[in-house]
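# Inside the fold
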Amino acid sequence: YINTETYNVQATLPAVQNYLKDSYGLDGNIMISSSEYNQFSLKSVFGWLKLQLTGDGEKVKSITLRGNNGEQVAGELYINSADATSILASDSGASDDDSEAGGSLIFEDTILTEVTLDCSEGVELGADATAIYIALPPQTFTKGITVDITAVDGSTMTKSTDNEVVIERNHIKPMSAFG
């Protein structure tokens, strides 16, 4: 909804997103548009991490992602209605712009440090990489990320990197294929 005092939009990036084949997950792609001259163009608020998974017939039930430094990855946030940049919901009033990833974008009282992509009945993996997208707030994961993959049969696999991962607004950050 729009705050009538600031004209900022309040929205939620859910902690559980839903897999959609060959696309961004459902419920994880918020876009906004505004114009002084009635020439509207939609702008994405978030960026996406593109995981590329390989396997031998395994079926992925869910994927959970977290930053290795406790970064906020889901929850309620404000969006500047003029330029679609996310705004801190804390008292600092800092904002994020097109030129750099940055900042905590989540309300102080709803800090969610994990996001899960629910793959419902499962996504079958083969020798060719399957692209899976997770929407994330623009920010830098300075100590990398960890991904927990749960298969339909209950088995799990954890992959982690300690390399810096930068998520930029309206950009896809591809990761190397793994299985």
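Quick caveat, the model's predicted, so the values are computed rather than measured.

### Regarding the nonpolar core
Ranked by size, the top nonpolar core spans 23 residues in total, and within it Leu-49, Leu-51, Leu-53, Ile-63, Leu-65 and Leu-136 carry the most contacts. Those elements giving two or more residues to this core turn out to be strand E5 (47–53), strand E6 (59–67), strand E9 (114–124), strand E10 (130–136), strand E12 (145–151) and strand E14 (165–167). Counting residues per element, this core draws most heavily on E9, at four residues. If near-sequence neighbours (up to four positions away) are discounted, Leu-49 is found in contact with Leu-65, Ile-132, Tyr-133, Ile-134, Leu-136, Ile-145, Val-165, Ile-167, Lys-173 and Met-175. By size, the runner-up hydrophobic cluster in this structure holds 12 residues, among which are Val-9, Val-45, Trp-48 and Leu-77.

### Topic: the packing of aromatic side chains
Enumeration over the complete set of coordinates arrives at two aromatic pairs. Both rings, one in Tyr-24 and one in Trp-48, keep their centres 4.2 Å apart while their planes meet at 15 degrees; by these two values the pair is stacked. With Tyr-24 in the loop between strand E2 (16–18) and strand E3 (31–32) and Trp-48 in strand E5, this pair connects stretches of sequence that are 24 residues apart. Seen from their ring centres, Tyr-24 and Tyr-133 are 5.3 Å apart, and the 80 degrees between their planes marks the pair as edge-to-face. With a gap of 109 residues between them, Tyr-24 in the loop between E2 and E3 and Tyr-133 in strand E10 connect regions that are remote in the sequence. Using a relative accessible area of 28% as the deciding quantity, one classes Tyr-24 as partly exposed. When its relative accessible area of 14% is taken as the criterion, Tyr-133 is described as buried. Ring pairing ties together the aromatic residues Tyr-24, Trp-48 and Tyr-133, which thus form one cluster.

Conventions we followed
- Residues numbered from 1 in each chain as written.
- Predicted model: local features only at pLDDT ≥ 70, side-chain atom pairs only at ≥ 80, totals over all residues.
- Heavy atoms only, no water.
- Core = buried A, V, L, I, M, F, W, Y, C linked by side-chain atoms within 4.5 Å.
- Buried < 20%, exposed > 50% of the residue type's maximum accessible area, 1.4 Å probe, protein only.
- Helix = DSSP H or I, 4+ residues; strand = E, 2+ residues; numbered from the N terminus.
- Contact = heavy atoms within 4.5 Å.
- Phe/Tyr/Trp six-rings, centres within 6.5 Å; stacked < 30°, edge-to-face > 60°.

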